[in-house]
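# Notes for the structure review
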Amino acid sequence: MSQNNVLKGVFLVAIGATTYGMLATFVKMAYSEGYSTAEVTTSQFILGIIGVLLINTFQKIKLKDNVVKATPKNIFNLMLAGTSLGMTSLFYYLAVKYIPVSIGIILLMQTVWMGVLLEMILEKKLPSKQKVVAVIIVLIGTVLATNIINNDITLDWRGIVWGVLAAASFTTTMFTANSVATGISSAQRSLYMLLGGSIIVFSFAFATQITPFNFEIFMKWGIILALFGTIIPPMLMTAGFPLTGIGLGSIVSALELPVSVMMAYVLLNEEVIFSQWVGIVLIILAIIIMNVNFKRKK
């Protein structure tokens with residue numbers, strides 16, 4: 001793989017991660033204007049599906065018969081995998097409704113140790129010492145980054161529960177996204193996963209939206225949420241990861257953490273103290289440790 005391709009991959013993953021890191025701040029701003037979780041998620045998924053559908057249509061016109069079409073089995077598996085994508089968005093947005101965005105993103109990054117645990121269960125073998133060290137660093141970083149050692153800070157337990165559930169569903173999404181129907185285009189995979197996720201989102205909206213649905217959300221925040229949550233990040237990251245490799249791609253995608261915290265600090269005026277920044281640095285360090293090969297080449 002040429003150096004130019006790797007740099008291109010790094011750029012794509014970095015932009016994708018940075019874009020996704022901004023998302024929770026926009027959700028919080030939509031909440032401040034009175035929009036509900038059901039309105040936020042519904043508008044994001046509907047406009048996201050329309051956007052990805054247009055991308056698929058453009059690809060079909062451009063490539064004509066060279067596009068590998070998804071089989072019914074591919075579609076079913078991707079939609080099934082997409083349900084975890086819908087739950088991730090739903091749980092994450094519910095979390096930041098009760099806790100600061102800077103804490104919500106920290107909880108979402110618990111996918112680092114959850115991924116190691118899931119891998120251990122699926123492969124039925126103990127993780128390497130390198131991964132164990134990384135997990136320990138993540139847990140220490142989480143304690144510092146969430147500032148739970150400061151007795152003056154009280155976090156709403158509902159936000160913590162939703163945040164942990166978001167991390168668990170995001171872990172499932174990452175595993176399925178890298179293994180289901182990889183032979184078809186990323187645009188097709190994104191579309192069918194979004195359709196699967198929309199089943200969860202629309203069911204939640206139907207069950208919880210007791211007031212009349214405010215359709216102004218589509219023009220006010222829906223387009224931004226769709227672009228920053230369901231169109232740009234998955235398209236760029238699925239295009240960039242094959243060029244960088246999983247290891248380097250995972251390290252670059254950790255940019256989402258500081259970006260999310262900085263956005264919350266600048267636009268929402270959320271207080272972030274020094275110990276929290278130390279915790280964030282530790283979590284990023286753990287991701288690097290987990291994805292760098294320290295073995296010397298003979």
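Right, let's walk through the structure included here. As the structure is a computational prediction, the values presented were derived from the model and not from experiment. (Residues numbered from 1 in each chain as written. Predicted model: local features only at pLDDT ≥ 70, side-chain atom pairs only at ≥ 80, totals over all residues. Heavy atoms only, no water.)

## Some details on the pattern of salt bridges
Our working definition: Any carboxyl oxygen of Asp or Glu that lies within 4 Å of a side-chain nitrogen of Lys or Arg is treated as forming a salt bridge with it. In this text, helices come from DSSP runs of H or I with a minimum length of four residues, and strands from runs of E with a minimum of two, each type numbered from the N-terminal end.
Under the criterion given, the structure shown has two salt bridges. Close ionic contact of Glu33 with Lys220 constitutes a salt bridge, the shortest N to O distance being 2.9 Å. With Glu33 in the loop between helix H1 (3–32) and helix H2 (37–63) and Lys220 in helix H9 (residues 217–244), the pair connects residues that are 187 residues apart, well separated along the chain. Across the pair Arg158 and Asp156 runs a salt bridge, and its minimum N-O distance is 2.8 Å.

## Describing the nonpolar core
Using the following cut-off: To qualify as a nonpolar core, a set must consist of buried Ala, Val, Leu, Ile, Met, Phe, Trp, Tyr and Cys residues joined through side-chain atoms within 4.5 Å. Only protein chains enter the accessibility calculation, which uses a 1.4 Å probe; a residue whose area is less than 20% of its type maximum is buried, one above 50% is exposed, and one in between is partly exposed. Residue contacts follow a heavy-atom distance rule, with two residues in contact if any of their heavy atoms lie within 4.5 Å.
Counting 44 residues, the largest nonpolar core has Val40 and Tyr92 as the members making the most contacts within it. With seven residues, H1 is the single largest residue contributor to this core. When near neighbours in sequence (up to four residues on either side) are disregarded, Tyr92 contacts Tyr20, Ala24, Gly104, Ile105, Leu108, Ala166 and Ser260.

## Overview of the packing of aromatic side chains
What counts is decided by this rule: Centre distance within 6.5 Å is the pairing criterion for rings of Phe, Tyr and Trp, where only the six-membered ring of Trp is used; planes under 30 degrees apart are then read as stacked, over 60 as edge-to-face, and the remainder as tilted. The criterion is that NZ of a Lys, or CZ of an Arg, lies within 6 Å of the ring centre and within 35 degrees of the ring normal, and then a charge sits over that ring.
Counted by the stated rule, this structure contains seven aromatic pairs. When the ring of Phe91 is compared with that of Trp162, the centres are 5.5 Å apart and the planes differ by 25 degrees; the resulting orientation is stacked. With Phe91 in helix H3 (residues 72–98) and Trp162 in helix H7 (residues 157–177), this residue pair connects regions lying 71 residues apart in the sequence. Given the relative accessible area of 15%, Phe91 is considered buried. Arranged with centres 6.1 Å apart and planes meeting at 45 degrees, the rings of Phe213 and Phe218 form a pair that is tilted. With a relative accessible area of 23%, Phe213 lands in the partly exposed category. Through a chain of ring-to-ring contacts, the aromatic side chains of Phe26, Trp221 and Phe228 assemble into a single cluster. Seen from the ring of Tyr31, Lys97 lies directly overhead, with NZ or CZ sitting 5.8 Å from the centre.

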